[in-house]
Amino acid sequence: MIVWVNGSFGAGKTTLVAELHSRWPDALVYDPEQVGLLLRDIVDVPTGDFQDLPLWRSQLVSVALGLLKEYERPILVPMTLVHPLYVSEVFGGLAAAGVTMHHFFLKVPADVLERRLRARVVAPDDPESQAAGLAWVMERMVRCVAAADTMPAGTVFLDGERPTAELADDLLKQVGVAI
C-alpha cells in the first residue's frame with residue numbers, strides 16, 4: 001500500500017507524514033525528491049525541475065515498487081505532484097503494477113501558503129540561495145493550488161489548515177489503519 005500525501009509546497013506534507021510515521025512506524029517514508037536530487041547531480045535539468053525528467057518519473061515508480069516488493073511494508077510518500085501528465089504517468093505506473101494507492105491532497109489557501117513559505121528558512125547562512133529557493137516555490141505555488149481541480153478520481157482532499165494530529169487521525173482512519 002502507498003499513502004501519497006500531495007499538495008502545494010508549504011501545505012504540510014512532510015509534517016503530516018512525520019506524524020503518520022510516528023504513529024505507524026512499520027510504514028516506510030519514501031521521499032521521491034531524493035531521487036530527483038540524485039539525478040540533478042548526475043544529469044542536466046534544462047527546466048530546473050527534476051519532475052520534467054522522464055527518468056525521474058520512471059525511477060520514482062521503480063523505487064516505490066522495489067520498496068514494496070523487498071520490504072513488504074506500507075509506504076508514506078510526501079510529494080507535490082500536480083502536472084496532470086506526470087500524475088497520470090506515475091499513478092498509472094503504480095496502478096498497472098497492482099499497487100493499492102491512497103492519494104490525499106492537502107488544500108491550503110494561497111495566502112496561507114505564501115505566509116508559510118516566507119517563514120520557512122532553508123539556507124540560513126546563504127541569503128542568495130534562500131531567496132532563489134523562495135522564488136522557485138512561490139512561482140509554482142499558484143499552479144499547485146489550482147491543480148486541486150485536476151486531481152484524479154479517488155483523491156481525498158484534506159483541509160491543510162487543520163491541526164496535523166487531526167489530519168493524521170482522519171487519514172489513518174480512511175486507509176483502515178488502527179493505531
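Residues numbered from 1 in each chain as written. Predicted model: local features only at pLDDT ≥ 70, side-chain atom pairs only at ≥ 80, totals over all residues. Heavy atoms only, no water.

Enquirer: Can you help me understand the overall build of the protein chain in this one?
Expert: Tallying secondary structure elements over the protein chain gives seven helices and five strands in all. For the protein chain, the N- to C-terminal ordering of α and β elements is β-α-β-α-α-β-α-β-α-α-β-α. A compact globule built from 179 residues would reach a C-alpha radius of gyration of about 16 Å, and the protein chain, at 16 Å, matches this within 12%. Over its C-alpha atoms, taken along the principal directions, the protein chain stretches across nearly 45 × 40 × 30 Å. The buried share of the protein chain, taken over its 179 residues, is 43%. For the protein chain, restricting intrachain contacts to residue pairs at least 6 apart in sequence, the fraction spanning at least 24 positions comes to 80%. Counting only carbon and sulfur atoms, one obtains 55% of the accessible surface of the protein chain, whose full area is about 9,400 Å². (Helix = DSSP H or I, 4+ residues; strand = E, 2+ residues; numbered from the N terminus. Rg over C-alpha atoms; globule rule 2.2 N^0.38 Å. Buried < 20%, exposed > 50% of the residue type's maximum accessible area, 1.4 Å probe, protein only. Contact = heavy atoms within 4.5 Å. Areas by Shrake-Rupley, 256 points an atom, 1.4 Å probe, with all protein chains shown as cover.)

Enquirer: Can you walk me through a nonpolar patch on the surface in this structure?
Expert: On the surface, Leu38, Ile42 and Val43 cluster together into a nonpolar patch covering about 280 Å² of accessible area. Residue isoleucine 42 is classed as exposed on the basis of its relative accessible area of 61%. (Patch = residues over 30% accessible without salt bridge, like charges linked within 9 Å, V, L, I, M, F, W, Y side chains within 5 Å. Salt bridge = Lys/Arg side-chain N within 4 Å of Asp/Glu carboxyl O.)

Enquirer: Sorry, what's going on with the packing of helix α3 (residues 54-71) against helix α4 (residues 84-96) here?
Expert: For any two helices packed against each other, one specifies the inter-axial angle together with the distance between the axes. Here α3 crosses α4 at 25 degrees, and the two axes come no closer than 9 Å. As judged from the angle between their axes, α3 and α4 are roughly parallel. For the pair α3 and α4, the crossing hand works out as right-handed. Along the contact surface, α3 presents Pro54, Arg57, Leu60, Val61, Ala64 and Leu65, while α4 presents Tyr86, Glu89, Val90, Gly93 and Leu94. Among the residues forming the contact of α3 with α4, the class breakdown is eight nonpolar, one polar and two charged. (Axes fitted to C-alpha atoms, helices over the stretch in contact; angles between N-to-C directions. Parallel < 35°, antiparallel > 145°, perpendicular 65-115°, else oblique. Left-handed = near helix turned anticlockwise from the far one by under 90°. Nonpolar A, V, L, I, M, F, W, Y, C, P; charged D, E, K, R; others polar.)

Enquirer: Whenever I open this one, the side chain of threonine 80 confuses me. Can you help?
Expert: Turning to its location among the elements, threonine 80 is positioned in the loop between β3 (75-78) and α4. Accessibility expressed as a relative area gives 6% for threonine 80, which makes it buried. When near neighbours in sequence (up to four residues on either side) are disregarded, threonine 80 contacts Asn6, Gly7, Ser8, Phe9, Lys13, Gln51 and Cys144.

Enquirer: In this structure, what is going on with the packing of aromatic side chains? I would like to understand it.
Expert: The geometry of two aromatic rings is summed up by the distance between their centres and the angle between their planes. The full count for this structure, using the stated rule, is three aromatic pairs. Ring geometry for tryptophan 4 and phenylalanine 91: centres 5.1 Å apart, planes at 70 degrees, overall edge-to-face. Here tryptophan 4, found in strand β1 (residues 2-7), pairs with phenylalanine 91, found in helix α4; they are 87 residues apart in sequence, far enough to count as distant. We classify tryptophan 4 as buried; its relative accessible area is 1%. A cation over an aromatic ring shows up here: lysine 107 above the ring of phenylalanine 157, its NZ or CZ 5.4 Å from the ring centre. (Phe/Tyr/Trp six-rings, centres within 6.5 Å; stacked < 30°, edge-to-face > 60°. Lys NZ or Arg CZ within 6 Å of the ring centre and 35° of its normal.)

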